[in-house]
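Observations on the model geometry
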Amino acid sequence: ELMIWGDQHDASFFEFFAEHQTLSYFHRILSQKYCRSGEVAVQILQTLSILTQNIQSEQAIYFLFSNNHVNQIIMQDFNFADDEVLGYYISFLKTISLKLNSGTVQFFFQKKRRKKNSASQQNQPAGSAGEGGGSSTFH
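Right, let's walk through the structure included here. Remember, predicted model here, so these are calculated numbers, not experimental data.

You can see Thr52 is positioned in helix 4 (residues 38–54). The exposure class of Thr52 is buried, given its relative accessible area of 4%. Taking C-alpha positions, Thr52 is 7.8 Å from Leu64, a pair spaced twelve residues apart along the chain. Apart from the residues lying within four places of it in its own chain, the contact partners of Thr52 are Leu64, Phe65, Phe92, Thr95, Ile96 and Lys99.

With that out of the way, let us pick up the packing of helix 2 (residues 11–19) against helix 5 (residues 58–66). The axes of two packed helices give the description: the angle between them and the distance between them. In the contact formed by helix 2 and helix 5, the axes pass within 11 Å of each other and the chain directions differ by 10°. On the basis of the axis angle, helix 2 is roughly parallel to helix 5. Within the contact between the two elements, helix 2 uses Phe14, Phe17 and Ala18 and helix 5 uses Gln59, Ala60, Phe63 and Leu64. Residues that form the contact of helix 2 with helix 5 fall into these classes: six nonpolar, one polar and no charged.

Leu64, Phe78 and Phe92 are the most contacted members of the largest nonpolar core, which totals 26 residues. For this core, the secondary structure elements donating two or more residues are helix 2, helix 3 (22–30), helix 4, helix 5, helix 6 (69–74) and helix 7 (83–99). Counting residues per element, this core draws most heavily on helix 4, which supplies six residues. The residues touching Phe78, leaving out its near neighbours within four places in the chain, are Leu30, Arg36, Ala41, Leu45, Ile73, Val85 and Tyr89.

The next point concerns the packing of helix 3 against helix 4. Contact pair helix 3 / helix 4: the axes reach a minimum separation of 11 Å and the direction vectors enclose 155°. Taken together, the axis directions place helix 3 and helix 4 in an arrangement best described as roughly antiparallel. In the crossing of helix 3 with helix 4, the sense of the turn from one axis to the other is left-handed. In this structure, helix 3 uses Leu23, Phe26, Ile29 and Leu30 to contact helix 4, whose residues at the interface are Val40, Ala41, Ile44, Thr47 and Leu48. Counted by class, the contact of helix 3 with helix 4 contains eight nonpolar, one polar and no charged residues.

Definitions and limits used
- Residues numbered from 1 in each chain as written.
- Predicted model: local features only at pLDDT ≥ 70, side-chain atom pairs only at ≥ 80, totals over all residues.
- Heavy atoms only, no water.
- Helix = DSSP H or I, 4+ residues; strand = E, 2+ residues; numbered from the N terminus.
- Buried < 20%, exposed > 50% of the residue type's maximum accessible area, 1.4 Å probe, protein only.
- Contact = heavy atoms within 4.5 Å.
- Axes fitted to C-alpha atoms, helices over the stretch in contact; angles between N-to-C directions.
- Parallel < 35°, antiparallel > 145°, perpendicular 65-115°, else oblique.
- Nonpolar A, V, L, I, M, F, W, Y, C, P; charged D, E, K, R; others polar.
- Core = buried A, V, L, I, M, F, W, Y, C linked by side-chain atoms within 4.5 Å.
- Left-handed = near helix turned anticlockwise from the far one by under 90°.

What follows is the structure, encoded as structure tokens:
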């Protein structure tokens, strides 16, 4: 709540949030297998959804997406047999999708270089294979 209020009223709250790398704590919690189901997973996914949905400044959006913690959280092996976790995970993905634009979508791609015989790079969503052995992965 303070991060959202700070984003809209007082930049020092946002700066504190960024300086102390709060998203890294969420990621570290979810890296523990027993935290990827039940109340812990639901609370973190709900908090991240609310945060992502309510931030307004471009700086805060870029902060959320640029440090790769969101990618790492998305890639966690959540217990999708738990309907509540599944619902909040889907809600989180939808919330992220509403904040994507030509600048922020780039944070969800990983560029990989082609083989030596080709100097160019190619962006492709996950699951796509690039010609010549190069590809980008969407997270």
